[in-house]
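Fold and contact review
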Amino acid sequence: MTKASSRTAWEEEPEPSVTVADTGNAEAAGDEMTVTGYRGPASGSGPESPTSVHLSGTGNAVATDGGIAISGYVHTLTVQRALREPASWPHQVGVIPSEARSFQHRAEADRLRAAVESGGTAVLTGMGGVGKTQLAADYARAAWDDGGLDVLVWVTASAQSPMVSGYAQAGVELCRADLEDPEQAAKQFLAWLVPKPGQRPCRWLIVLDDVTDPSDLVVHPDDPGKRYSLWPPASPHGRILLTTRRRDAALFGDGRWRIEVGLFAPVESVSYLTAALHAQDRTEPADQLTTLAADLGHLPLALAQAAAYLIDSGETTATYRDLLADRATKLTDLAPGALPDEQATALAAAWSLSIDRADTLRPIGLARPMLHLAALLDANGIPQDILTGQPARTHLAQRKWWPDRRQRPTAPVTSGEAFGALRTWTGSASSTINRVPPTRPSASTSSFSAPPATPTPPTSTTRPPILPPTP
C-alpha cells in the first residue's frame, strides 16, 4: 500500500512524501523481475520526486530459476544477464505437432523423404486441411528418433515475427546469441548454420510451418543495409521443410523440391475412416464409409471431424450422412456464395455438427465459447493455464451457450469446468496445449512459444487452434 502525506508549516507549500507499508510478498521465476515496496524516483532527485520515502512491512522477496525479486526501495536497477552456454547436441528448439489419430502413410511422404534425405529443401504445398503439417511432422519425428539429426528447429511461419522469434530462440540456445536483440540473434543463428572449415559438421533440420506470405521470408526488403533472408543457408548437412498453401514462384526454384499435397484418394479415405473406427471397436458398412468419404470431398480434416463425431455420438454412418446433408443445406441457404466449393461446404457442415454435439456434453454450454476463445490465440500452442485461468473463466461464464437457446443466470465457471471444456475438444491429450518436445537418450530439448499471430477466427479454410490433427 502506498499513500501520500504532507505537512504544512507557516502556510508554506506542502512537502510531498511517500509512505509505503504492508505491500505483501514478491515472487519471480525465470527471467521475471518483481518488486514489493516502492519503485520510483529517488527522494529529492527532481521536481516530481518525493522529499522523503518511508517504508515498513514490505514483505518477502523470493526469486527462482534466474528471476529477480526485490523487497524495499528501488530507484534504478541495471541487470546484465550472462549469455547462455551453447546447448549440447542433439538439441531441439520448438515443438513438433503430435501425431494425428489413425495417421496413415501417404505417397507424398516417400517423395518428401527422397527430396531431402541427402540434404535439400522441400516445399509442401496444397489447400488447407490436406495434412501438410502432419507430413512434415511425421518426417521430423522419424529423422529425430532415428538419430540422424544433431539439431532440429520447428518454426511457426505464419508471419515474419514468429519466424524471427523462432530463429532468435535457436540462436540463444545454440550460439550464445542475446534474445534482447531478436533480429541479430536470428541472423547469428542463420550464420551458425553455414558449415565452417575444421569444425564438426552439424546435421540440422529446419521446418518452416505454414508460410502465409512468401514476402515474409525477406526482412527489411526495402533497406539494402538491413535486408536479410530467412531462408536457411544451403548446406550438405542441412535439410529444410516448408509448408504453405501458396504456390508463388518465389517459393520454388534454386533446387527446391515442390511436393503437391492433395486430397485423400478414395481408398485412402475409406482406409482412414475404417482405422479410426476400428481403434474404438466400431465397424460400419464399407459402402456407407465410401459414400461418406465422397460426401466430405475426401478432405482429410473433414474426415477427421466425421470420425470423431461417429465415435463420440455412437450414430451410424447413414444417420450422420443425413445430418451432414441437412446441415450443409442450411448453411448454404443462410450464406449463399460464402462457401465457394464442395470441400468448404462439407467441412463447415462437419464442424457445425461437431460444435453442436460438443455443447451438449458436460460441462454443458462451454465447448462453443472455449473454441471461440482459443481461436483468438496462438494456433501453434496455448498454455493450459491461459484457458483455465480466471480471465478465461469469466469470459466463458459470460458467453455460456444453452442448448435450448434460453438465457440463464450467469454462474461462475470453475477451473475444472474450463478444463472439461478443453477435454471436450481434445480428448485425453491435445496437440496444441502444453506440448512437450519428445526426447531421446542424451538429448537436450526445449520448447519456445512464438508471439501470437494476428487473431483469426476459424473458417472453412483456416484450421482452428484446437481440433483433431489432420490425418
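What counts, and at which threshold
- Residues numbered from 1 in each chain as written.
- Predicted model: local features only at pLDDT ≥ 70, side-chain atom pairs only at ≥ 80, totals over all residues.
- Heavy atoms only, no water.
- Helix = DSSP H or I, 4+ residues; strand = E, 2+ residues; numbered from the N terminus.
- Buried < 20%, exposed > 50% of the residue type's maximum accessible area, 1.4 Å probe, protein only.
- Contact = heavy atoms within 4.5 Å.
- Areas by Shrake-Rupley, 256 points an atom, 1.4 Å probe, with all protein chains shown as cover.
- Expected span 1.5 Å × (residues − 1).
- Axes fitted to C-alpha atoms, helices over the stretch in contact; angles between N-to-C directions.
- Parallel < 35°, antiparallel > 145°, perpendicular 65-115°, else oblique.
- Left-handed = near helix turned anticlockwise from the far one by under 90°.
- Nonpolar A, V, L, I, M, F, W, Y, C, P; charged D, E, K, R; others polar.
- Salt bridge = Lys/Arg side-chain N within 4 Å of Asp/Glu carboxyl O.
- Polar contact = N/O pair within 3.5 Å; in protein donor to acceptor, adjacent residues only side chain to side chain.

Here we look at the overall build of the chain
- Helix and strand counts for the chain stand at 13 helices and 16 strands.
- The buried share of the chain, taken over its 471 residues, is 45%.
- Counting contacts in the chain only where the partners sit at least 6 residues apart, residues at least 24 apart contribute 72% of the total.
- By element, 52% of the accessible surface of the chain is carried by carbon and sulfur atoms, the whole surface being about 23,500 Å².

Some details on the environment of aspartate 210
- Here aspartate 210 is to be found in strand β11 (residues 204–211).
- On the basis of relative accessible area, aspartate 210 is assigned to the partly exposed category, the value being 31%.
- Between the C-alpha atoms of aspartate 210 and leucine 124, which are 86 residues apart in sequence, the distance is 9.5 Å.
- Apart from the residues lying within four places of it in its own chain, the contact partners of aspartate 210 are Ala157, Ser158 and Thr243.

A closer look at helix α7 (residues 300–313)
- When the terminal C-alpha atoms of α7 are compared, their 20 Å separation across 14 residues agrees well with the 20 Å that a helix rising 1.5 Å per residue should span.
- With 10 of 14 residues buried, α7 is to be regarded as a mostly interior element.
- Those residues of α7 that sit buried are Pro300, Leu301, Ala302, Leu303, Ala304, Gln305, Ala306, Ala307, Tyr309 and Leu310.
- Of the residues one or two after α7, glycine 314 is the one with positive phi, at around 80°.

A short note on the packing of helix α10 (residues 367–374) against helix α12 (residues 390–398)
- Where α10 meets α12, the axes come as close as 9 Å, and the angle between the chain directions of the two elements is 130°. Looking at the two axes, α10 sits oblique to α12. Considering the relative orientation of α10 and α12, their crossing is right-handed. Across the interface between the two elements, Pro369, Met370 and Leu373 of α10 pack against Ala392, His395 and Leu396 of α12.
- Grouping the amino acids of the contact of α10 with α12 by side-chain chemistry returns five nonpolar, one polar and no charged.

Here we look at the pattern of salt bridges
- Counting across every chain of the model gives 15 salt bridges.
- Between aspartate 254 and arginine 256 there is a salt bridge; the shortest N-O distance is 3.7 Å.
- According to the relative accessible area criterion, aspartate 254 is exposed, its value standing at 72%.
- Note that arginine 327 is salt-bridged to aspartate 356, the shortest N-O span being 3.0 Å. You can see arginine 327 sitting in helix α8 (residues 317–334) and its partner aspartate 356 sitting in helix α9 (residues 342–359), a full 29 residues away along the chain.
- Taking the relative accessible area as the measure of exposure, arginine 327 reaches 17% and is therefore buried.

Remarks on the environment of serine 235
- Mapped onto the secondary structure, serine 235 falls in the loop between β13 (228–229) and β14 (238–244).
- Accessibility expressed as a relative area gives 11% for serine 235, which makes it buried.
- Between the C-alpha atom of serine 235 and that of proline 201, which follows or precedes it by 34 residues, the distance is 9.9 Å.
- Beyond its immediate stretch of four places on either side in the chain, serine 235 contacts Leu193, Pro195 and Trp204.
- There is a polar contact of 3.1 Å between the side chain of serine 235 and the backbone nitrogen of histidine 237.

Section: unusual backbone geometry
- Backbone torsion omega between tryptophan 89 and proline 90 reads -5°, so that peptide bond is classified as cis.
- Relative to the helices and strands, proline 90 resides in the loop between β7 (68–74) and β8 (91–93).
- One non-glycine residue, histidine 220, lies in positive phi territory at about 50°.
- Considering the arrangement of structural elements, one finds histidine 220 in the loop between β12 (218–219) and β13.
- The exposure class of histidine 220 is partly exposed, given its relative accessible area of 28%.
- Backbone geometry at aspartate 281 places phi at a positive 60°, although glycine is not the residue there.
- Along the chain, aspartate 281 falls in the loop between α5 (266–278) and α6 (286–295).

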